[in-house]
Amino acid sequence: MIKINLPFFRKDIGIDLGTANTLIYVRGQGLVVNEPSIVAFNNRLNRVVAIGREAKKMLNRTPSHISAVRPLANGVISDFEMTQEMVKRFLKMIAPQMLGYARVVVGVPTNLTEVERKSVEDAVMGSGAASVYLIAQPMAAALGANLDISEPNAKMIIDIGGGTTDIAVISLDGLVRANRLKIAGDKFDEDIIRFMRDEFKLVIGEPTAEEIKIAVGSVLPRGEKLEIAARGRDLATGLPREIIVKDSQIRLALQRSIRSIIDATKEVIENTPPELVGDIYRNGIYLCGGGSLLRGIDELLNKETSVAVKVVDDPLTCVLRGTGLVADNFDHYKGLLDILSGKAIV
Ligand SMILES: Nc1ncnc2c1ncn2[C@@H]1O[C@H](COP(=O)(O)OP(=O)(O)OP(=O)(O)O)[C@@H](O)[C@H]1O
Ligand SMILES: [Mg+2]
């Protein structure tokens, strides 16, 4: 009988299954998938026609028999079958023959219900993995930012993603405080859509709103004035119209959502034991996730909390880098994982 040396074959995998983007890390290979979490489905043929970037191009542009859907909402799976299909196809892009041996580490938001956790686990197991382990996204983000979370010295990390803002205080390899808001990048886009309709009587779609946010979005007035031309449908005439949108207008549109994030951050600090608040003051607050790229958000949080705020390097891949570290050093980090179930590895 041939004896197979399993660890040699094994390619442990890290996944950041985000509302906006799915990223996959393979041990020994690094980042291999970085695609929007979007699936395009042909209702006539009853099959998936595109995923990721290809599907994103179709968002809001599909004929009636094709629907481009985002199967996750607010960090959790809202369409199980589509999520599973998406994960399956992403995993297929990378060494599928190895998958049966792979331990897959998935970053999930904090404070999920049992059903929500199970659903992530099932979606990944259904893609053919040998076993699935979950890690809290803020914990993964902290690892990804190279913070030492094992020492008795608290770190505060805020992950402003697409669907959720996860605010966590981490010490001694555990979550001391965690709060999750359903206000993040997607909500900012919705705010912009509403603002454009109310103020300009212009109807725009999600992709245009995101484009405006990235091009001119800010939370504090800045030296340079920014503007962008936005096209949509005039609410009154029903015809196409173009307007110029300024950064100051987008600041107004985002005001309430940003306020909620600041208030929630303050609430977490208020509920953190005083010694740890001292640590946070010394260490600063770390920001990650795509929402942390919104101009001035670090400065505003600093003003509001009197704590230094740093946006981590490459904030969009921070959680994935953390899950990747776990995939690379599984035994070292396994204490951080919430083991739910899994096929036994012999
Ligand atoms: N330069 C930028 N300025 C502002 N927002 C940005 C920028 N780049 C990306 N974003 C926003 O970041 C969000 C995606 O971030 P990220 O990939 O961290 O989310 P996610 O991990 O998929 O979602 P979640 O963690 O909530 O499940 C989107 O809403 C996107 O519009
Ligand atoms: Mg995320």
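So, on to the domain arrangement of the chain. The parts lose accessible area when they come together, and the size of an interface is often stated as this lost area. Entries for the chain in the domain assignment read domain 1 (6-140 + 318-342), domain 2 (147-183 + 255-311) and domain 3 (187-253). Between the C-alpha centres of domain 2 and domain 3 there is a distance of 28 Å. Between domain 2 and domain 3, the residue contacts involve 15 residues of the former and 16 residues of the latter. For the pair domain 2 and domain 3, the summed buried surface comes to about 1200 Å²; carbon and sulfur atoms form 63% of the total. Area buried by domain 2 at its contact with domain 3 is led by Gln 255, Leu 294 and Arg 295, which between them contribute 53% of it. Run the count over domain 2 and domain 3 and you get 8 residue pairs in polar contact (both at pLDDT 80 or more). Among the secondary structure elements, those contributing two or more residues to the side of domain 2 that touches domain 3 are helix H8 (247-270) and helix H10 (297-305). Of the residues belonging to the side of domain 2 that touches domain 3, the class tally is 7 nonpolar, 4 polar and 4 charged.

Soluble globular proteins tend to pack their nonpolar side chains together in the buried interior. In this structure, Met 196, Ile 212 and Ile 258 are the most contacted members of the largest nonpolar core, which totals 45 residues. Contact partners of Ile 212, with chain neighbours within four places excluded, come to Ile 192, Met 196, Ile 204, Gly 217, Ile 228, Ala 230, Val 245 and Ile 250. Residues Ile 15, Val 87, Leu 99 and Met 125 belong to the second largest nonpolar core, which totals 32 residues.

As for its position among the elements, Gly 205 is in the loop between strand S14 (202-203) and helix H7 (206-216). The spacing of Gly 205 and Ser 67 is 138 residues in sequence and 15 Å in space, taken between C-alpha atoms. What Gly 205 contacts, discounting residues up to four positions off in sequence, is Asn 60 and Ile 193.

This brings us to the packing of aromatic side chains. Taken as a whole and assessed by the stated rule, the structure comprises 2 aromatic pairs. With a centroid separation of 5.0 Å and an interplanar angle of 70 degrees, the aromatic rings of Tyr 133 and Phe 330 are classed as edge-to-face. On the criterion of sequence distance, the pair formed by Tyr 133 in strand S10 (residues 131-136) and Phe 330 in helix H12 (residues 330-333) is long-range, its members being 197 residues apart. With respect to class, Tyr 133 is no different from Phe 330; both count as buried. Consider the rings of Phe 195 and Phe 200, whose centres lie 6.2 Å apart with planes at 75 degrees: the pair is edge-to-face. In this pair, the class of Phe 195 matches that of Phe 200, namely buried. Directly above the aromatic system of Phe 330 lies the positively charged group of Arg 103, at a separation of 4.0 Å from the ring centroid.

Glancing now at the pairing of S10. Counting buried positions along S10 gives 6 out of 6 residues, so the element sits mostly inside the fold. By the alternation rule, side chains of S10 split into Ser 131, Tyr 133 and Ile 135 and Val 132, Leu 134 and Ala 136, which are all buried. Both strand S9 (residues 103-108) and S10 contribute to a ladder of 6 bridges, which runs parallel. Its bridge partner being in S10, Val 105 is matched across the sheet by Tyr 133. Handedness of the β-α-β unit built from S9, helix H4 (residues 114-125) and S10 comes out right-handed.

What follows deals with the environment of Ser 37. If you trace the backbone, Ser 37 turns up in the loop between strand S3 (30-36) and strand S4 (39-42). A residue is classified by how much of its surface remains accessible, and Ser 37, at 0% relative accessible area, is buried. As for Ser 37 and Ala 145, which are separated by 108 residues in sequence, their C-alpha atoms are 23 Å apart. Those residues in contact with Ser 37 that sit more than four places away from it in its chain are Gly 18, Thr 19, Ala 20, Asn 21, Thr 22, Val 69, Arg 70, Pro 71, Leu 72 and Met 86.

Criteria and thresholds
- Residues numbered from 1 in each chain as written.
- Chains lettered and ligands numbered in written order.
- Predicted model: local features only at pLDDT ≥ 70, side-chain atom pairs only at ≥ 80, totals over all residues.
- Heavy atoms only, no water.
- Domains from an automatic or database assignment.
- Contact = heavy atoms within 4.5 Å.
- Buried area = accessible area lost by both parts, 1.4 Å probe.
- Polar contact = N/O pair within 3.5 Å; in protein donor to acceptor, adjacent residues only side chain to side chain.
- Helix = DSSP H or I, 4+ residues; strand = E, 2+ residues; numbered from the N terminus.
- Nonpolar A, V, L, I, M, F, W, Y, C, P; charged D, E, K, R; others polar.
- Core = buried A, V, L, I, M, F, W, Y, C linked by side-chain atoms within 4.5 Å.
- Buried < 20%, exposed > 50% of the residue type's maximum accessible area, 1.4 Å probe, protein only.
- Phe/Tyr/Trp six-rings, centres within 6.5 Å; stacked < 30°, edge-to-face > 60°.
- Lys NZ or Arg CZ within 6 Å of the ring centre and 35° of its normal.
- Pairing = 2+ DSSP bridges.
- Right-handed = clockwise from strand over helix to strand, strands pointing away.

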